[in-house]
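Examination of the molecular architecture
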Amino acid sequence: MTSGSTHSSRPLAVFDLDGTLADTAHRQRFLERTPRDWDAFFGAAPDDPPLPEGVRMVRESEEECEIVYLTGRPERCRRDTVEWLAAQGLPEGRIWMRRDNDRRPARHTKLEILKRLAARGREVRMLVDDDELVCVAAEQAGFTVVRARWAATSAALKDAQEREGRT
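Residues numbered from 1 in each chain as written. Predicted model: local features only at pLDDT ≥ 70, side-chain atom pairs only at ≥ 80, totals over all residues. Heavy atoms only, no water.

1. Notes on the packing of aromatic side chains
Summed over all chains, the structure comprises three aromatic pairs. Note on tryptophan 38 and phenylalanine 41: the rings are 5.7 Å apart at their centroids and 85° apart in plane angle, and the pair reads as edge-to-face. One end of the pair, tryptophan 38, and the other, phenylalanine 41, are both in helix α1 (residues 38-43), three residues apart, so they sit about a helical turn from each other. With respect to class, tryptophan 38 is no different from phenylalanine 41; both count as buried. For the ring pair phenylalanine 41 and phenylalanine 42, a centre distance of 5.1 Å and an interplane angle of 75° mean the geometry is edge-to-face. Like phenylalanine 41, the residue phenylalanine 42 is buried in the burial classification. An aromatic cluster of at least three residues, connected via ring pairs, comprises Trp38, Phe41 and Phe42. The side chain of arginine 27 reaches across the aromatic face of phenylalanine 41, ending 4.4 Å from its centre. The cationic tip of arginine 94 hangs over the ring face of tryptophan 96; the distance from NZ or CZ to the ring centre is 3.9 Å. (Phe/Tyr/Trp six-rings, centres within 6.5 Å; stacked < 30°, edge-to-face > 60°. Helix = DSSP H or I, 4+ residues; strand = E, 2+ residues; numbered from the N terminus. Buried < 20%, exposed > 50% of the residue type's maximum accessible area, 1.4 Å probe, protein only. Lys NZ or Arg CZ within 6 Å of the ring centre and 35° of its normal.)

2. Some details on the confidence of the model for the protein
Interpretation of this model should avoid reading the predicted coordinates in detail wherever pLDDT is low. Summarising the model, the protein shows a mean pLDDT of 88, and 86% of its residues fall at 70 or more. The element-level mean pLDDT for the protein is lowest in helix α6 (residues 155-164), coming to 55, with strand β1 (residues 12-15) highest at 98. (pLDDT = per-residue confidence, 0-100.)

3. Details of the pattern of salt bridges
Applying the stated criterion across every chain, the model contains 22 salt bridges. Note that aspartate 102 and arginine 99 form a salt bridge whose closest N and O atoms lie 3.7 Å from each other. For aspartate 102, a relative accessible area of 7% translates into the label buried. Arginine 99 sits in the exposed class, given a relative accessible area of 56%. Counted as one network, the salt bridges with shared partners bring together Arg98, Arg99, Asp102, Arg104, Glu112 and Arg116. (Salt bridge = Lys/Arg side-chain N within 4 Å of Asp/Glu carboxyl O.)

4. Observations regarding the pairing of β1
Residues Leu12 and Val14 of β1 are buried on one face, and the alternating residues Ala13 and Phe15, pointing to the opposite face, are buried as well. The pairing of β1 with strand β2 (residues 66-74) spans four bridges and is parallel. Along β2, the bridge assignment pairs leucine 12 with glutamate 66. Sheet analysis places β1 next to strand β4 (residues 124-129), joined by four bridges and oriented parallel. Bridged to valine 14 within β4 is leucine 127. (Pairing = 2+ DSSP bridges.)

5. Side note on the nonpolar core
Ranked by size, the top nonpolar core spans 26 residues in total, and within it Phe15, Leu21, Val58, Tyr69, Leu85 and Leu90 carry the most contacts. Elements with a minimum of two residues in this core: β1, α1, α2 (52-61), β2, α3 (78-87), β3 (94-98) and β4. If sequence neighbours within four positions are ignored, leucine 21 has contacts with Phe15, Asp16, Pro49, Pro50, Leu51, Gly54, Val55, Val58, Tyr69, Trp84 and Leu90. Core analysis: the next-biggest nonpolar cluster, separate from the first, contains 18 residues, Val14, Val68, Ala106 and Ala137 among them. (Core = buried A, V, L, I, M, F, W, Y, C linked by side-chain atoms within 4.5 Å. Contact = heavy atoms within 4.5 Å.)

6. What to know about α3
When we look at burial in α3, the residues that qualify are Thr81, Trp84 and Leu85. For α3, the buried positions fall inside an angular range of 95° around the axis, keeping them on one side. Exposed side of α3, more than 90 degrees from the buried face: Arg79, Ala86 and Ala87 are the residues found there. Check the buried side of α3 and you find it contacts β2 and β3. Note on α3: the residue one or two positions beyond its end, glycine 89, has a positive phi of about 75°. (Arc of directions from axis to C-beta.)

What follows is the structure, encoded as C-alpha cells:
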C-alpha cells in the first residue's frame, strides 16, 4: 500500500466492523446478562470470525477507494482491532473509534465522523454498516449507504448500540 498522500483524491469507502466485517455472535452472550459485561464483550473481539460478504466488499472497494474503518468500539480496543484487520488480510486504513467514555448513540458518533470526512473535501463513496439507525441517519444526511444484513445481531446488541452508546 502506498502512502496516504497518493490517496487524497480517491473516494472513501467506509466500513463498520462489528456485524459488518466481524461476526460478533460468539460474544453477544456477554450483553445478554445484567449487568452487561463490556470488558468480556470487547475482550473476545480478537476471536471474531470474518464475515465473508463484508470482507469481499472491502477487497472490491479497495480497487477504486481508500478504505476507512468506522467503529463504535472504544479506543482501548485499537490494538486488538488493528491486529484483527491484519490477520484477515484486510487493507490498512484509518480507523475511527469511539473515545473510551463517549456513550452517545452510534448514529450520532458515526454521522459526526462521516460529516467531518466529507467536510475535508473527500468523496464518501459509501458507508457499509449493519446498524439500521446509523444507516438511516447517514442516508438522511445525503450519504450512500449499503446495509450489511449478512450477520445475525441480538436484541441486546441493538439495544446497546442505541441506548448505551457502547458499540
